[in-house]
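Coordinates in review
Residues per chain are reported as follows:
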Number of protein chains: 4
Amino acid sequence: MEDYRTKCIELLKERGVTIEDIADCARFLQADYHVDLKLEELLESVHSVLSKREVQHAIMTAIELDKLAERKVMEDKDLEAILLRDEGLYGVDEVIAYGICNLYGSIALTNFGFIDKKKYGIIAKLNDEGKGTGRCNTFLDDIVGAIAASAASRFAHRWVK
Amino acid sequence: MEDYRTKCIELLKERGVTIEDIADCARFLQADYHVDLKLEELLESVHSVLSKREVQHAIMTAIELDKLAERKVMEDKDLEAILLRDEGLYGVDEVIAYGICNLYGSIALTNFGFIDKKKYGIIAKLNDEGKGTGRCNTFLDDIVGAIAASAASRFAHRWVK
Amino acid sequence: MEDYRTKCIELLKERGVTIEDIADCARFLQADYHVDLKLEELLESVHSVLSKREVQHAIMTAIELDKLAERKVMEDKDLEAILLRDEGLYGVDEVIAYGICNLYGSIALTNFGFIDKKKYGIIAKLNDEGKGTGRCNTFLDDIVGAIAASAASRFAHRWVK
Amino acid sequence: MEDYRTKCIELLKERGVTIEDIADCARFLQADYHVDLKLEELLESVHSVLSKREVQHAIMTAIELDKLAERKVMEDKDLEAILLRDEGLYGVDEVIAYGICNLYGSIALTNFGFIDKKKYGIIAKLNDEGKGTGRCNTFLDDIVGAIAASAASRFAHRWVK
């Protein structure tokens, strides 16, 4: 079966998210525990998270859903409207994000909850952008938060070994 | 905010699934524990599950994804192909299904795993149909399994009260 | 089957946690969305969360584990030591907490991650206390966070109806 | 931090479960997909699952809880009784098991639900044994099911690579 890692990195870039942006979020999550953590130290963890098949499928599905809402080709116009206005009580975006975090254990889930509320860095940017006309980042901001949360959790577990 | 319960029942029907089909799956899951359980006794639980907002959003998203794959309007043709052939290692469908089961506790999750492998009743029918040309039930069969698993779990918890 | 709601409220109190403490955490989680939310408005949600059987079982198991570690009666002294020092990479406490949050959907999980990192109110107190000699709150602080996160999520979903 | 893999293998053995028993359950779960799968091919996956810190913590906690109930040293006699009779609606055992499965994605969760209901091999033995006087396997059978389900899921993902 195909490895979609390179494809996913391209998809994220095309939607305005670099691997460095995600590593920066992961560093923010680990900042309390390690002084002077360098971006490079977290980049490896981000790449490792992106190499998992389940993560790749989640990224592809999430970004496609955002684009489909933007292109207004959905048959269900209620759903399309919910996605376009990033309705707060719509939770399928977080459910897909949890599908990523779960692979990295309970620390990843806690990390996700924190960064999702704090809206640090690229997540804040995506969130603001998604509020503008025509742009839908409803799934993307959660996916980015989940990858960062997972990378930070992976880093924490390896640090103590 | 709008209640999409009636809409979801219509969406399911349109895709070939009745509330009775789902109650029948729930009865199958409870059959070991109760002799002579009537369909009517489980219909109420199915209706209760369908009245939850998170369940409604999951149904709408799942059915829309199946239709979008069928209509071949996705930009990501790799993803579209994965969905159309119901690729075994694609797991976002189960992740969304777990988002429903989780609301009904650990028994619902176990129930889901069982009926998903056993492919009882309407789930077998959806699965076979999805293997045919042009039809995509990749998300729907898991959603139906999740609603049945949740209804059975809810029933079990109420039975002992 | 017995309803352990009253028992759980007693168990929590005995460990230094009142229903008001938990409602205060839930209010903190909802503060961004509602100005001037009163404690009473969240107390009802806390009581509703405590009435679920799965929540009661989680509370009973969590508090018993903390006490068993304190009483030093565990056969596995490695585990006992991990619990007594609230080892950061031990995650079974969060796993049990997620078992509660999952019942209240994706918003509850995000809420939990946030309050677990922020350590607001009673959660900070429990955490500090657990660092002292002889006291183990390893499971309790997560359970309290999970009940608060769930109560806040339940409140948010009802508010918009 | 210490690696408890060897310790966990000893703990399982002491409770009557060998690595081969678990690999046999994993093979059962993969049997539909691969003819003539050898036990050795799954043993490597079982060992890999056991090398994860979160899995080790779950095993240690689960087995300790079973023993504490057997030794009747719990302060909460309601909880002790629930564990000793393996009360069907008590779900913390499955919650801890899901904490393992989640690390291996959605296939692991489905596998767990199936084997938990089917009660194949060592799981049936543990379940029967737990029904006898003085023996508590309430947590252990779910933990064993979760390790087998995870090993089978890991195997499936690697097979297609």
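Structure first, text after, so check above.
All values reported here derive from a predicted model rather than from experimental measurement.

A word on the packing of helix H3 (residues 39-50) of chain C against helix H9 (residues 140-159) of chain C. All names here are of chain C. The contact between H3 and H9 brings their axes to 8 Å, and the two run at 115°. Viewed along their axes, H3 and H9 form a crossing whose handedness is right-handed. Residues Glu41, Leu42, Glu44, Ser45, Val46, Ser48, Val49 and Leu50 of H3 pack against Ile147, Ser150, Ala151, Arg154, Phe155 and Trp159 of H9. Looking at the contact of H3 with H9 residue by residue, the classes come out as 8 nonpolar, 3 polar and 3 charged.

Quick look at the side chain of Gln56(A) now. Here Gln56(A) is to be found in helix H4 (residues 53-71). Within the structure, Gln56(A) has its side chain in polar contact with the backbone oxygen of Leu50(A) (distance 3.0 Å).

A few words on the packing of helix H2 (residues 19-30) of chain C against helix H7 (residues 105-118) of chain C. Residues and elements named next belong to chain C. Relative orientation of the contacting elements H2 and H7 amounts to 110°, with a least axis distance of 11 Å. Between H2 and H7, the angle falls in the class roughly perpendicular. On the side of H2, the interface is formed by Cys25, Phe28 and Leu29, while H7 contributes Asn111, Phe114, Ile115 and Lys118.

What follows is about the interface of chain B and chain A. Listed per partner, the contact involves 30 residues of chain B and 30 residues of chain A. Buried area between chain B and chain A, summed over both chains or domains, comes out near 2800 Å², and the portion from carbon and sulfur atoms is 62%. Where chain B packs against chain A, one counts 6 salt bridges. Note that Lys7(A) and Asp78(B) form a salt bridge whose closest N and O atoms lie 2.5 Å from each other. Across the chain B-chain A interface, the total number found is 14 residue pairs in polar contact (both at pLDDT 80 or more). At the level of secondary structure, the elements contributing two or more residues to the side of chain B that touches chain A comprise helix H1 (5-14), helix H4 (53-70), helix H5 (77-84) and helix H6 (92-101) of chain B. The element that contributes the greatest number of residues to the side of chain B that touches chain A is H4(B), accounting for 9 residues.

What follows covers the relation of the copies chain B and chain A. Between chain B and chain A, the superposition needs a rotation of 180° and an axial shift of 0.0 Å, giving an RMSD of 0.0 Å. The operation mapping one copy onto its partner corresponds to a two-fold rotation axis. A share of 100% of the interface residues of chain B reappears at the interface of chain A, consistent with the copies meeting face to face through the same patch.

This part is about the relation of the copies chain D and chain A. Placing chain D over chain A gives an RMSD of 0.0 Å and needs a rotation angle of 180°, together with 0.0 Å of translation along the axis. The residues that chain D uses at the interface reappear at the interface of chain A in 100% of cases, marking a shared surface.

This paragraph deals with the interface of chain D and chain A. Between chain D and chain A, the contact holds 12 residues from the first and 12 residues from the second. Taken together, the links from chain D to chain A amount to 0 salt bridges. If you list the elements that add at least two residues to the side of chain D that touches chain A, you get helix H4 (53-70) and helix H7 (105-118) of chain D. Grouping the constituent residues of the side of chain D that touches chain A by class yields 4 nonpolar, 4 polar and 4 charged.

Calculation criteria
- Residues numbered from 1 in each chain as written.
- Chains lettered and ligands numbered in written order.
- Predicted model: local features only at pLDDT ≥ 70, side-chain atom pairs only at ≥ 80, totals over all residues.
- Heavy atoms only, no water.
- Axes fitted to C-alpha atoms, helices over the stretch in contact; angles between N-to-C directions.
- Helix = DSSP H or I, 4+ residues; strand = E, 2+ residues; numbered from the N terminus.
- Left-handed = near helix turned anticlockwise from the far one by under 90°.
- Contact = heavy atoms within 4.5 Å.
- Nonpolar A, V, L, I, M, F, W, Y, C, P; charged D, E, K, R; others polar.
- Polar contact = N/O pair within 3.5 Å; in protein donor to acceptor, adjacent residues only side chain to side chain.
- Parallel < 35°, antiparallel > 145°, perpendicular 65-115°, else oblique.
- Buried area = accessible area lost by both parts, 1.4 Å probe.
- Salt bridge = Lys/Arg side-chain N within 4 Å of Asp/Glu carboxyl O.
- Least-squares fit on C-alpha atoms with pLDDT ≥ 70 in both.

Remember, this is a structural readout, not a statement about activity or role.
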